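Below are the chains, spelled out letter by letter.
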Amino acid sequence: MDGEDFVDCIRAALSPNAGLKYQRLHKSACLTRYPSRDLKHHKKVCKFVMDTYAPIVLAAGKGTRMRSTLPKVLHQVAGLPLLAHVLNAIDAISSTSAFAPLQTTISGHRPIVVLGHEADQVEASFGERCLYALQEEQSGTGHAVLAAEYVVNELKPVPQTILVCYGDTPLISGEILARVLVEHFTSHATLTFLTAISEQPSDFGRVVRDTDGRVREIVEVKRANEKQKRITEVNSGVYCFDRSWLWSALHALPRNASGEYYLTDLVAIASSQGYKIATVSGTFDETIGINDRMQLAAAERLLRMRVLEQFMYAGVTILDPASTYIDADVEIGPDTVILPGTMITGKTRIGSACRIGPGTTIDKSTLGNGCIVLNSVLEESILEDGVRIGPFSHCRPGAHLARNVRMGNFGEVKNSYIGAETDIHHFSYIGDATVGEHVNIGAGSITCNYDGVRKNHTTIGDGASIGSDTMLVAPVTVGEYAITGAGSVVNRDVPPGAVVVGVPARVLRMPQPSESSTTEDVVKE
Ligand code: UD1
Ligand code: MG
């Protein structure tokens with residue numbers, strides 16, 4: 001790599017959009033050309049700033065105990081990857097009230113996510129939301145933090161404090177992270193970490209204190225003796241470090257008996273060197289780390305209940321929380337009632353005063369106010385105000401039902417716009433269609449949109465009346481206020497106001513010049 005390439009590479013790596021690809025280049029360039037690793041040649045002299053921190057999230061591990069091909073941090077709880085919950089908590093730090101007593105502004109840098117196993121897959125899921133560091137071999141949590149050193153060192157302003165979280169703790173909140181930061185700043189500790197009490201601490205690291213209550217070390221369960229295993233205070237995996245101490249301690253950290261570099265071993269080192277260690281006590285539920293599918297299910301239960309509680313406090317009635325599943329990303333307006341057996345997922349938005357369920361699934365859809373959805377499935381659909389669906393109907397991706405559309409038993413709509421006040425009451429399929437306002441689709445009517453090769457479009461004008469069991473063979477247009485007779489097979493365009501019947505449909509009557517069609521003329525089912 002010549003000088004110019006190197007400079008370009010550094011620029012790319014340091015740009016806010018730098019991804020792992022550039023960082024790999026950057027790192028190899030640094031190591032080849034500047035083995036000192038610290039890029040002193042390229043650092044500008046930068047003011048020492050007391051009030052910034054850099055969050056580092058460890059997400060490089062394979063998650064062996066999950067027994068999965070998916071990287072652990074991409075497994076989902078409440079509809080979001082584990083890592084997304086941790087990043088949301090970091091985003092929420094600044095909006096908590098925890099910093100108020102400090103009377104100073106503390107700003108955080110963009111989170112640095114340490115990736116390793118399936119790094120590209122994880123990076124693709126989060127893009128520019130984070131900066132990334134690469135831990136090429138997963139040699140432990142201490143080694144993983146060190147992998148982020150070169151990214152931290154390029155931040156402007158250089159952060160004084162490093163906040164470390166694990167990407168597998170989805171119940172962590174911005175409030176508790178802020179409490180750890182505040183404790184760190186106010187106690188002037190070198191190292192502050194979060195603990196919790198659990199009567200069943202399973203594989204969590206145990207917090208060992210001396211008789212005066214001072215923290216001495218964190219012992220991982222693999223290396224704990226029987227007495228230590230009975231300790232109920234556990235390490236929750238959230239830490240604040242003084243940056244310069246952290247890097248020097250990590251560079252000096254030896255491999256432990258397991259052949260890894262444990263971040264938790266820094267506690268014993270800080271203690272033996274006489275540095276101040278502070279702790280914050282959180283609830284165990286909030287800090288649960290996901291290592292296997294049992295813990296994943298436990299987190300799902302806890303998080304789901306937390307999400308439901310937030311909705312209930314915000315004015316949503318949930319009749320049976322035990323049988324209601326709502327993802328963390330969903331929004332629901334007040335006075336909406338959610339009935340049992342309902343699952344609402346993805347980025348779904350539901351307005352106020354709706355009635356959803358029982359037995360309903362809604363995914364990535366938008367519903368206005370006052371909608372009713374009974375025993376039905378909606379996927380990637382839009383329902384404007386006052387739409388009523390069900391029982392037993394299905395809106396597939398691209399369905400857009402305008403104001404007050406009524407869609408009854410066993411209807412299916414896909415990739416179609418249905419105009420306001422239109423009725424599709426019984427056993428109909430509307431696919432790849434544009435349907436006007438005040439249309440009546442008779443029982444059993446179908447848009448025959450697929451000719452075996454292509455999907456073809458159907459257009460139905462305002463006020464048209466489609467008789468029961470009509471087959472609309474697309475591409476075809478039914479004009480405004482036209483009528484099709486029961487059982488007709490319409491394979492040619494129907495002029496506005498005409499009446500067609502039969503197989504194939506023929507014109508029975510054309511509109512008379514004196515006739516002025518209105519919606520009242522339309523024969524309803
Ligand atoms: C860790 C703690 C333990 C704590 C628990 C809380 C250590 C040694 N132990 O144990 O004290 O009670 O979390 O949940 O830190 N990772 C990397 N690179 C690695 C290894 C791990 O990025 O080389 C990441 C993982 O992807 C994961 C996180 O670090 O997100 C924690 O690793 P994990 O293996 O889950 O540690 P635990 O056994 O849970
Ligand atoms: Mg873990």
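Keep in mind it's a predicted model, so treat the numbers as computed, not measured. (Residues numbered from 1 in each chain as written. Chains lettered and ligands numbered in written order. Predicted model: local features only at pLDDT ≥ 70, side-chain atom pairs only at ≥ 80, totals over all residues. Heavy atoms only, no water.)

A.B. asks: How would you summarise the pairing of strand β5 (residues 112-115) if you had to cite specific residues and measurements?
C.D. replies: In β5, alternate side chains face the same way, and those of Ile-112 and Val-114 on one face and Val-113 and Leu-115 on the other are all buried. Relative to β5, strand β1 (residues 52-58) runs parallel, the two sharing 3 bridges. Each bridged residue has a counterpart across the sheet, and for Ile-56 the counterpart in β5 is Ile-112. Relative to strand β6 (residues 131-134), β5 runs parallel, the two sharing 4 bridges. When the sheet's bridge partners are listed, Ile-112 is paired in β6 with Leu-131. Handedness of the crossover joining β5 and β6 through helix α4 (residues 119-126): right-handed. (Buried < 20%, exposed > 50% of the residue type's maximum accessible area, 1.4 Å probe, protein only. Helix = DSSP H or I, 4+ residues; strand = E, 2+ residues; numbered from the N terminus. Pairing = 2+ DSSP bridges. Right-handed = clockwise from strand over helix to strand, strands pointing away.)

A.B. asks: An account of the packing of aromatic side chains is requested, with residue identities and associated values reported.
C.D. replies: Evaluation of the coordinates by the stated rule reveals 7 aromatic pairs. Relative to Phe-410, the ring of Phe-392 lies with its centre 5.5 Å away and its plane at 20°, an arrangement referred to as stacked. Residue Phe-392 is located in the loop between β25 (388-389) and β26 (394-395), and its partner Phe-410 is located in the loop between β28 (406-409) and β29 (412-414); the two are separated by 18 residues in the primary sequence. Using a relative accessible area of 45% as the deciding quantity, one classes Phe-392 as partly exposed. According to the relative accessible area criterion, Phe-410 is partly exposed, its value standing at 45%. The structure contains a cluster of three or more aromatic residues connected by ring pairs, namely Tyr-166, Phe-193, Tyr-239 and Phe-241. One cation-aromatic arrangement involves Arg-304 over Tyr-325; the distance from NZ or CZ to the ring centre is 4.0 Å. Positioned above the aromatic ring of Tyr-450 is the side chain of Lys-455, whose terminal nitrogen or guanidinium carbon lies 5.3 Å from the ring centre. (Phe/Tyr/Trp six-rings, centres within 6.5 Å; stacked < 30°, edge-to-face > 60°. Lys NZ or Arg CZ within 6 Å of the ring centre and 35° of its normal.)

A.B. asks: Can you tell me about the packing of helix α9 (residues 243-252) against helix α10 (residues 265-272), naming the residues and giving the values?
C.D. replies: The contact between α9 and α10 brings their axes to 11 Å, and the two run at 110°. Taken together, the axes of α9 and α10 are roughly perpendicular relative to one another. Residues Trp-245, Leu-246, Ala-249 and Leu-250 of α9 pack against Leu-266, Ile-269 and Ala-270 of α10. Its residues placed into classes, the contact of α9 with α10 shows 7 nonpolar, no polar and no charged. (Axes fitted to C-alpha atoms, helices over the stretch in contact; angles between N-to-C directions. Parallel < 35°, antiparallel > 145°, perpendicular 65-115°, else oblique. Contact = heavy atoms within 4.5 Å. Nonpolar A, V, L, I, M, F, W, Y, C, P; charged D, E, K, R; others polar.)

A.B. asks: For the environment of Gly-205, give the residues involved together with the corresponding values.
C.D. replies: Looking at the secondary structure, you find Gly-205 in the loop between β8 (191-197) and β9 (206-209). Residue class for Gly-205 comes out buried when judged on its relative accessible area of 5%. Put simply, Gly-205 and Thr-232 are 27 residues apart on the chain and 9.9 Å apart in space, counted from C-alpha to C-alpha. The residues contacting Gly-205, other than those within four sequence positions of it, are Ile-218, Val-219, Glu-220, Glu-233, Val-234 and Asn-235.

A.B. asks: Describe the site of ligand 1, and please don't skip the residues or the numbers.
C.D. replies: Near ligand 1 you find 24 residues, and of these Gln-135, Tyr-166, Gly-205, Glu-220 and Asn-235 are the closest. Separating an oxygen atom of ligand 1 from a backbone N or O atom of Gly-140 is a distance of 2.8 Å. Contact between ligand 1 and Thr-141: an oxygen atom at 2.9 Å from a side-chain N or O atom of the residue. Protein coverage of the free-state accessible area of ligand 1, which is 750 Å², stands at 91%. Secondary structure elements with two or more residues in the shell around ligand 1: α5 (141-146) and β11 (233-242). When its residues are assigned to classes, the shell around ligand 1 shows 7 nonpolar, 13 polar and 4 charged. (Near = heavy atom within 4 Å. Polar contact = N/O pair within 3.5 Å; in protein donor to acceptor, adjacent residues only side chain to side chain. Areas by Shrake-Rupley, 256 points an atom, 1.4 Å probe, with all protein chains shown as cover.)

A.B. asks: Tell me about the side chain of Asp-168, and please be specific about residues and values.
C.D. replies: On the secondary structure map, Asp-168 appears in the loop between β7 (161-166) and α7 (174-187). Owing to a relative accessible area of 11%, Asp-168 belongs among the buried residues under this scheme. In this view, Asp-168 contacts Lys-72, Val-73, Leu-82, Ile-288, Gly-289, Ile-290 and Asn-291; residues no more than four positions away in its chain are not counted.

A.B. asks: Could you give an account of the coordination of the magnesium ion (ligand 2), with specific residues and numbers?
C.D. replies: At this site the magnesium ion (ligand 2) is bound by Asp-168 (OD) and Asn-291 (OD1), with donor distances of 2.2 to 2.3 Å. Taken together, the positions of Asp-168 in the loop between β7 and α7 and Asn-291 in the loop between β12 (277-282) and α11 (293-313) put the pair 123 residues apart, joining distant regions of the chain. Using a relative accessible area of 12% as the deciding quantity, one classes Asn-291 as buried. (Donors = N, O, S within 2.8 Å, 3.2 Å for Na, K, Ca; no water.)

A.B. asks: Explain the confidence of the model for the chain residue by residue, including any values.
C.D. replies: When pLDDT is averaged along the chain, the result is 89, and 87% of the positions lie at 70 or above. The low-confidence segment residues 25-50 (pLDDT under 50) makes 43 contacts with residues lying over four places distant or belonging to another chain. In the model, residues 517-525 has pLDDT below 50 throughout and makes 20 contacts with residues more than four positions away in sequence or in other chains. (pLDDT = per-residue confidence, 0-100.)

A.B. asks: Please give an account of the pairing of β8 that cites residues and values.
C.D. replies: Counting buried residues along β8, 6 of its 7 residues qualify, which places the element largely inside the surrounding structure. As paired elements, β8 and β11 share 6 bridges and run antiparallel to each other. Its bridge partner lying in β11, Leu-191 is registered against Phe-241. Here 6 bridges tie β8 to β12, and the two strands are oriented parallel to one another. In the strand pairing of β12, Phe-193 is matched with Thr-279.

A.B. asks: Describe the sheet that holds strand β21 (residues 366-367), with residues and values.
C.D. replies: The strands making up a sheet are joined through hydrogen bonds of the backbone, oriented either antiparallel or parallel. As summarised here, the arrangement of the 9 strands in space is β15-β18-β21-β24-β27-β30-β33-β36-β39, forming an open sheet in which the pairing is parallel. A strand with exactly one partner marks an edge of an open sheet, and here the two such strands are β15 (331-332) and β39 (476-478). As judged from the 2 bridges shared by strand β30 (residues 417-418) and strand β33 (residues 433-435), these two strands associate in the parallel manner. From the neighbouring strand, Tyr-417 faces β33, where its bridge partner is Thr-434.

A.B. asks: Give me the sheet that holds strand β40 (residues 483-484): which residues, what numbers.
C.D. replies: Here we have 12 strands laid out as an open sheet, ordered β13-β16-β19-β22-β25-β28-β31-β34-β37-β40-β42-β43, and mixed in their pairing. What marks the edges here is a single partner per strand, and that holds for β13 (317-318) and β43 (506-509). As judged from the 2 bridges shared by strand β16 (residues 337-338) and strand β19 (residues 355-356), these two strands associate in the parallel manner. In the strand pairing of β19, Ile-338 is matched with Ile-356.

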